[in-house]
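Below are the chains, spelled out letter by letter.
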Amino acid sequence: MRKRDREIHDTNKIIKILKDSDRLVLAFNGAEYPYMLPVNAGVERLDETIVLYFHGAKEGKKYDYLKDGVKVSFEADTDLELVTDLKKGYCTMNYSSVIGWGEVQEIKDYEEKERALQVIVDSYHIDDGFLYNRGALDRTAVFKIIVKEIRGKTK
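Remember, it's a predicted structure, so these values are computed and weren't measured experimentally.

J.: So what exactly am I meant to see when it comes to a nonpolar patch on the surface here?
T.: On the surface, Leu80, Leu82 and Met93 cluster together into a nonpolar patch covering about 310 Å² of accessible area. Of note, leucine 80 is situated in strand 6 (residues 71-85).

In structure tokens form, the structure reads like this:
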């Protein structure tokens, strides 16, 4: 990282950025070009491991590339604020962001899948007790990313 003074070392702050972000953008190898996929995601810390969860329909282009064990990179950001000084002709962006790398696993176990979907839902329905329709489980693919490396940055 070029500007070390902006690096976030506290894992709890990194997790907060992931929780506060509206989406997670995944990148992985496509056929001819890299493939990027924005997803709604949930995050939890299991012991010292950060795990990200995302879901989708059971078919689509992403499944041409998204296999168990595939390596992905990801990005999430929040706190975006444009800062402009018209007199100096200067503008910059304040932000908090996370980038990382990990491996994807599809969740097949019904109970784990159910819990992972609740983690995702809880990321967007904070403290309102929302329960998703369990009928969606059979028509929804659920994945987890076991995070291998992660970095945070803020300005």
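J.: Which parts of the structure should I look at to understand the pairing of strand 6?
T.: Put simply, side chains in a regular strand alternate between the two faces of the sheet. Of the pairings in the sheet, the one linking strand 2 (residues 24-28) to strand 6 comprises 3 bridges and is antiparallel in character. Paired with valine 25 across the two strands is glutamate 75, which belongs to strand 6. Here strand 6 folds back onto strand 7 (residues 90-107) in antiparallel fashion, the turn holding 4 residues, of which glycine 89 has a positive phi close to 65°.

J.: I keep staring at the nonpolar core and nothing clicks. Help me out?
T.: In globular proteins that are soluble, nonpolar side chains generally tend to be buried together. Core analysis: the biggest nonpolar cluster contains 29 residues, and Leu18, Leu24, Leu26, Phe28, Leu52 and Ile145 have the highest contact counts within it. Sorting the residues of this core by element identifies helix 1 (11-20), strand 2, strand 3 (35-39), strand 4 (41-46), strand 5 (49-57), strand 6, strand 7 and strand 8 (140-154) as the ones contributing at least two each. Not counting residues up to four positions away in its chain, the partners in contact with leucine 52 are Leu18, Leu24, Gly42, Val43, Phe74, Phe143, Lys144, Ile145 and Val147. Counting 12 residues, the second largest nonpolar core, distinct from the first, contains Val119, Ile120, Val121 and Ile146.

Thresholds applied
Residues numbered from 1 in each chain as written. Predicted model: local features only at pLDDT ≥ 70, side-chain atom pairs only at ≥ 80, totals over all residues. Heavy atoms only, no water. Patch = residues over 30% accessible without salt bridge, like charges linked within 9 Å, V, L, I, M, F, W, Y side chains within 5 Å. Areas by Shrake-Rupley, 256 points an atom, 1.4 Å probe, with all protein chains shown as cover. Salt bridge = Lys/Arg side-chain N within 4 Å of Asp/Glu carboxyl O. Helix = DSSP H or I, 4+ residues; strand = E, 2+ residues; numbered from the N terminus. Pairing = 2+ DSSP bridges. Core = buried A, V, L, I, M, F, W, Y, C linked by side-chain atoms within 4.5 Å. Buried < 20%, exposed > 50% of the residue type's maximum accessible area, 1.4 Å probe, protein only. Contact = heavy atoms within 4.5 Å.

Any functional reading would require information that these geometric values do not contain.
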